[in-house]
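# Observations on the three-dimensional arrangement
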Amino acid sequence: MDEAVGLLEGELRAGQGALVGLGTDDAWESFLRFGRQLFDVSDAPDADGLLFQYGTYSFDGPPTFTVDLTRQFAVSDHDGAHDHYVQVHCEIRYGSEPALEALGSFHSWFFHGAGADLDEWARELTERSAWTTLGKLRPTRIRVFQEQV
């Protein structure tokens, strides 16, 4: 888990070297490759999850339409009880576009070990009508970071 940010950045930069110019589809495919890598986590049902979410948020400035691709790991204490989560984010920001504002907000989770199929989850997301809108636009910024929640 300690190397998760570096692994995600490596997937995003594969064949590119820089995040500038990376398209939404490229970032998504990179995130899925990262999502397929297995980590040593607890047996808890929510120990290793992927989150796809979008909406207009103002975390650190004016409201911006953002797609947030997140991997969440549950961290246990020495007794095996849940202590906290670590989230690794690939935050994709876009310029001001009425078509993006019309999408509203959405989120969907996938958890390794819960019996669902990662490829089917990914396919269902890319079949959403919002994907057509996102695919036509270039991100203005892509940021990778980790936080404890």
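For the structure itself, consult the block above.
Residues numbered from 1 in each chain as written. Predicted model: local features only at pLDDT ≥ 70, side-chain atom pairs only at ≥ 80, totals over all residues. Heavy atoms only, no water.

### So, the pattern of salt bridges
How we decide: By salt bridge we mean one thing: a side-chain nitrogen of Lys or Arg within 4 Å of a carboxyl oxygen of Asp or Glu. The secondary structure listing takes helices from DSSP runs of H or I that are at least 4 residues long and strands from runs of E that are at least 2 residues long, numbered from the N terminus. Only protein chains enter the area calculation, which uses a 1.4 Å probe; residues under 20% of their type maximum are buried, those over 50% are exposed, and those in between are partly exposed.
Applying the stated criterion to the full structure yields six salt bridges. Between Arg36 and Asp119 there is a salt bridge, with the nearest N and O atoms lying 2.5 Å from each other. Of the two residues, Arg36 sits in helix α2 (residues 24–36) while Asp119 sits in helix α4 (residues 118–126), which places them 83 residues apart along the sequence. Between Arg123 and Glu127 there is a salt bridge whose closest N-O contact spans 3.0 Å. By relative accessible area, which is 38% here, Arg123 ends up partly exposed. For Glu127, a relative accessible area of 54% translates into the label exposed. Several salt bridges share partner residues, and in doing so they unite Glu91, Arg93 and Arg143 into one network.

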